[in-house]
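# Chain and residue survey
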Amino acid sequence: MPVTRLLRQVAGQMLGSPACGCWTATPLLQFLGTSPRQIPADASFHSASFSGTDQPRVLITGGLGQLGVGLANLLRKRFEKDNVILSDIRKPPDHIFHSGPFIYSDILDYKNLREIVVNNRITWLFHYSALLSAVGEANVSLARAVNITGLHNVLDVAAEHNLRLFVPSTIGAFGPTSPRNPTPDLCVQRPRTIYGVSKVHAELMGEYYHHRYGLDFRCLRYPGIISADSQPGGGTTDYAVQIFHDALKNGKFECNLKPSTRLPMMYIDDCLRATLEVMEAPAESLSMRTYNINAMSFTPEDLAQEVLKHIPEFQITYNVDSVRQAIADSWPMNFDDSNARKDWGWKHDFDLPELVTTMLNFHGSDTRVAQAN
Ligand SMILES: NC(=O)c1ccc[n+]([C@@H]2O[C@H](COP(=O)([O-])OP(=O)(O)OC[C@H]3O[C@@H](n4cnc5c(N)ncnc54)[C@H](O)[C@@H]3O)[C@@H](O)[C@H]2O)c1
Ligand SMILES: C[C@@H](O)[C@H](N)C(=O)O
């Protein structure tokens with residue numbers, strides 16, 4: 001039977017037979033164009049583009065974690081303070097509360113999310129809420145709810161209200177059967193953590209909503225992110241942030257991964273700039289909707305050697321955490337981001353020496369201020 005007839009029959013059964021008996025392929029296409037939750041009949045399914053004067057209205061979910069405040073600062077410089085709303089389920093510290101709009105938003109509460117999007121005329125959504133790899137393994141049911149059910153709410157609200165949606169993925173979306181050195185954009189993805197499984201799900205669901213409903217979904221797979229003024233939220237790459245605090249405070253650091261564990265890493269400024277750049281990239285330049293981005297790859301031993309150049313008395317010891325080690329051993333060692341570089345001009349600024357100098361300068365000045373007070 002020809003495919004079109006078969007599709008008509010299936011759609012006819014799903015929709016009921018047309019009374020006039022004059023059913024054509026058009027209603028099937030309309031059927032394929034509706035979202036799972038109500039979408040206004042006159043909605044345009046492609047996100048609006050913005051002229052120089054027409055700024056996006058931005059919502060960041062999970063904004064009080066390691067990356068959200070830095071993203072809000074960057075976007076507020078680009079789009080003006082009041083156009084960027086930070087949200088979370090936690091109470092913000094004073095300096096964040098007073099630095100720009102903040103709102104309570106629980107991504108598991110669909111009505112709350114929709115109300116925020118409608119009342120604030122949101123046009124771009126950066127979805128940062130998640131449970132990371134190590135905390136996810138310690139609380140699988142919560143990770144499943146936040147990372148999967150929460151994502152469904154975000155996708156539906158974005159499709160209903162015609163938003164441009166950014167969802168970060170991660171090196172953790174790959175697993176032991178993926179090529180690890182280097183890991184390309186398209187290859188086997190069979191992660192063994194709930195975090196990784198939920199991120200592969202997010203990539204596939206976002207791409208599905210893009211193809212089926214025209215949702216303007218954009219996704220970058222981040223490496224482990226290293227930040228100076230915010231703490232990591234319970235991941236496998238956290239050691240690469242903690243080492244700087246401990247090196248300056250105590251001159252020593254106990255690492256929970258083996259010395260030879262190589263992972264892709266990136267300084268936060270590069271990560272946030274990449275995020276803004278992919279959101280501003282013209283849709284025609286995006287040959288894919290999910291891209292790897294990369295900056296550097298190093299082991300704890302490499303990082304310690306670089307720290308030693310600045311703090312000669314620094315000592316590193318190892319006390320391996322078996323859960324984190326098993327996760328790290330299944331992740332990419334090097335990330336191939338050639339598609340991001342080719343399609344929208346991605347280029348990182350920070351390699352290992354600049355990263356270490358920047359982190360030590362930041363915390364060094366902190367330590368000096370603390371000692372002076
Ligand atoms: N930090 C990294 O190294 C890294 C690397 C790759 C990808 N990512 C991704 O980037 C995003 C941000 O990462 P991060 O490091 O800032 O994470 P984080 O763990 O530091 O912060 C996550 C935030 O989500 C919030 N949250 C939890 N449940 C929520 C709910 N029900 N509703 C609303 N918010 C909720 C938490 O309160 C927290 O502030 C995540 O999606 C993460 O997977 C991060
Ligand atoms: C890599 C990333 O997704 C996060 N930092 C984690 O380790 O879980």
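Just above, that's the structure.
First, a word on what this report is: a plain description of the structure on this page. On a predicted model such as this, the values are computed, not experimentally measured, just so you know.

The subject of this paragraph is the overall build of the protein. Helix and strand counts for the protein stand at 14 helices and 13 strands. Residue burial in the protein is summarised as follows: out of 373 residues, 51% are buried. Within the protein, residue pairs in contact and separated by at least 24 positions form 77% of the contacts whose partners lie at least 6 positions apart.

What follows covers the site of ligand 1. Near ligand 1 you find 26 residues, and of these Gln66, Asp88, Arg90, Asp106 and Tyr195 are the closest. Here an oxygen atom of ligand 1 sits 2.9 Å away from a polar atom, N or O, in the side chain of Lys199. A distance of 2.9 Å is found between an oxygen atom of ligand 1 and a backbone nitrogen or oxygen belonging to Ile225. Relative to its unbound accessible area of 830 Å², ligand 1 is 93% covered by the protein chains. Sorting the residues of the shell around ligand 1 by element identifies strand 6 (169–170), helix 8 (194–213) and strand 8 (224–226) as the ones contributing at least two each. The residue inventory of the shell around ligand 1, partitioned by class, reads 13 nonpolar, nine polar and four charged.

Quick look at the state of the cysteines now. Here, the word disulfide means a covalent bond between the sulfur atoms of two cysteines. In the structure shown here, the tally under the stated rule is zero disulfides. With no disulfide of its own, Cys187 lies 14 Å from the sulfur of Cys219, the closest cysteine sulfur. According to the relative accessible area criterion, Cys187 is partly exposed, its value standing at 24%. Sulfur of Cys219: no disulfide; nearest cysteine sulfur belongs to Cys271 and is 12 Å away. Its relative accessible area of 2% is what places Cys219 among the buried residues.

This part covers the site of ligand 2. Close to ligand 2 lie Leu132, Ser133, Thr170, Ile171, Tyr195, Gly235, Thr236, Thr237 and Trp331. Tyr195 places a side-chain nitrogen or oxygen 2.6 Å from an oxygen atom of ligand 2. Contact distances for ligand 2 include 2.7 Å between an oxygen atom and a backbone N or O atom of Thr236. Burial of ligand 2 by the surrounding chains reaches 93%, relative to a free accessible area of 250 Å². Looking at the shell around ligand 2 residue by residue, the classes come out as four nonpolar, five polar and no charged.

Another aspect to go through is the packing of aromatic side chains. Scanning all chains against the criterion turns up twelve aromatic pairs. Residues Tyr291 and Trp344 carry aromatic rings whose centres are separated by 5.9 Å and whose planes lie at 80° to one another, so their mutual orientation is edge-to-face. Note that Tyr291 is positioned in strand 11 (residues 290–292) and Trp344 in helix 13 (residues 338–344), a separation of 53 residues in sequence. Residue classification places Tyr291 among the buried positions, given a relative accessible area of 1%. A connected cluster of aromatic rings, assembled from ring pairs, spans Phe79, Trp124, Phe126, Tyr128, Phe166 and Tyr222.

Let us look at helix 8. Given a rise of 1.5 Å per residue, 20 residues ought to cover 28 Å, and the 27 Å separating the end C-alpha atoms of helix 8 matches this to within 8%. Those residues of helix 8 lying buried are Ile194, Tyr195, Gly196, Ser198, Lys199, Val200, Ala202, Glu203, Gly206, Tyr209, His210 and Tyr213. At the C-terminal side of helix 8, Gly214 shows a positive phi close to 75°.

Hydrogen bonds along the backbone pair up the strands of a sheet, which may run parallel or antiparallel. The three strands are arranged 8-10-12 in an open sheet whose pairing can be described as mixed. The open sheet has two free edges, formed respectively by strand 8 and strand 12 (296–298), since each of these has just one partner strand. Strand-to-strand twist across the sheet, computed as the mean angle between neighbouring axes with direction ignored, equals 45°. In the sheet, strand 8 pairs with strand 10 (residues 263–267) via three bridges, with the strands oriented parallel. Within the sheet, the bridge partner assigned to Ile225 lies in strand 10 and is Met266. Together, strand 8, strand 10 and strand 12 form the strand contacts of helix 9 (residues 239–250), whose direction differs from that of strand 8 by roughly 25°.

Turning next to the pairing of strand 1 (residues 58–61). Burial of the side chains of strand 1 extends over both faces: Val58 and Ile60 are buried on one face and Leu59 and Thr61 on the other. Here three bridges tie strand 1 to strand 2 (residues 84–88), and the two strands are oriented parallel to one another. Its bridge partner lying in strand 2, Ile60 is registered against Leu86. For strand 1 and strand 4 (residues 124–127), the ladder comprises four bridges, and the chain directions are parallel. Across the sheet, the residue bridging to Leu59 is Leu125, located in strand 4.

Here is what the cut-offs are and how they apply
For every chain, the first residue of the written sequence is number 1, and numbering continues from 1 onward in sequence order. As they are written, the chains are lettered A onward and the ligands numbered 1 onward, keeping that order. Per-residue local features are limited, in this predicted model, to residues with pLDDT of at least 70; the limit for side-chain atom pairs, both in listing and counting, is 80 or more; totals at the level of whole chains, interfaces and linings are taken over all residues. Each side-chain value is worked out from all heavy atoms of the structure, with water and hydrogens disregarded. Helix and strand assignments come from DSSP, with helices taken as H or I runs of at least 4 residues and strands as E runs of at least 2, each series counted from the N terminus. Burial classes: relative accessible area under 20% of the type maximum marks a residue as buried, over 50% as exposed, and values in between as partly exposed (1.4 Å probe, protein chains only). It only takes one pair of heavy atoms within 4.5 Å for two residues to be counted as in contact. Put simply, a residue is near a molecule or strand once any heavy atom of it comes within 4 Å of that molecule or strand. The definition of a polar contact used here is a pair of N or O atoms within 3.5 Å, where within protein one atom must be able to donate a hydrogen and the other to accept one, and adjacent residues in sequence count solely through side-chain atom pairs. We get accessible surface area from the Shrake-Rupley algorithm with a probe of 1.4 Å; when it comes to residues, only the shown protein chains can shield them. Residues are grouped as follows: Ala, Val, Leu, Ile, Met, Phe, Trp, Tyr, Cys and Pro are nonpolar; Asp, Glu, Lys and Arg are charged; every other residue, Gly included, is polar. Pairs of cysteine sulfur atoms within 2.5 Å are what we label disulfides. Each Phe, Tyr or Trp ring, with Trp reduced to its six-membered ring, pairs with another whose centre is within 6.5 Å; inter-plane angles below 30 degrees give stacked pairs, above 60 give edge-to-face pairs, and intermediate values give tilted ones. By definition here, a helix of n residues has an expected span of 1.5 Å times n minus one. Note on pairing: two strands pair once DSSP finds at least 2 bridges between them. Note on geometry: axes are lines fitted to C-alpha atoms, helical ones only across the stretch in contact, with angles between N-to-C directions running from 0 to 180 degrees.

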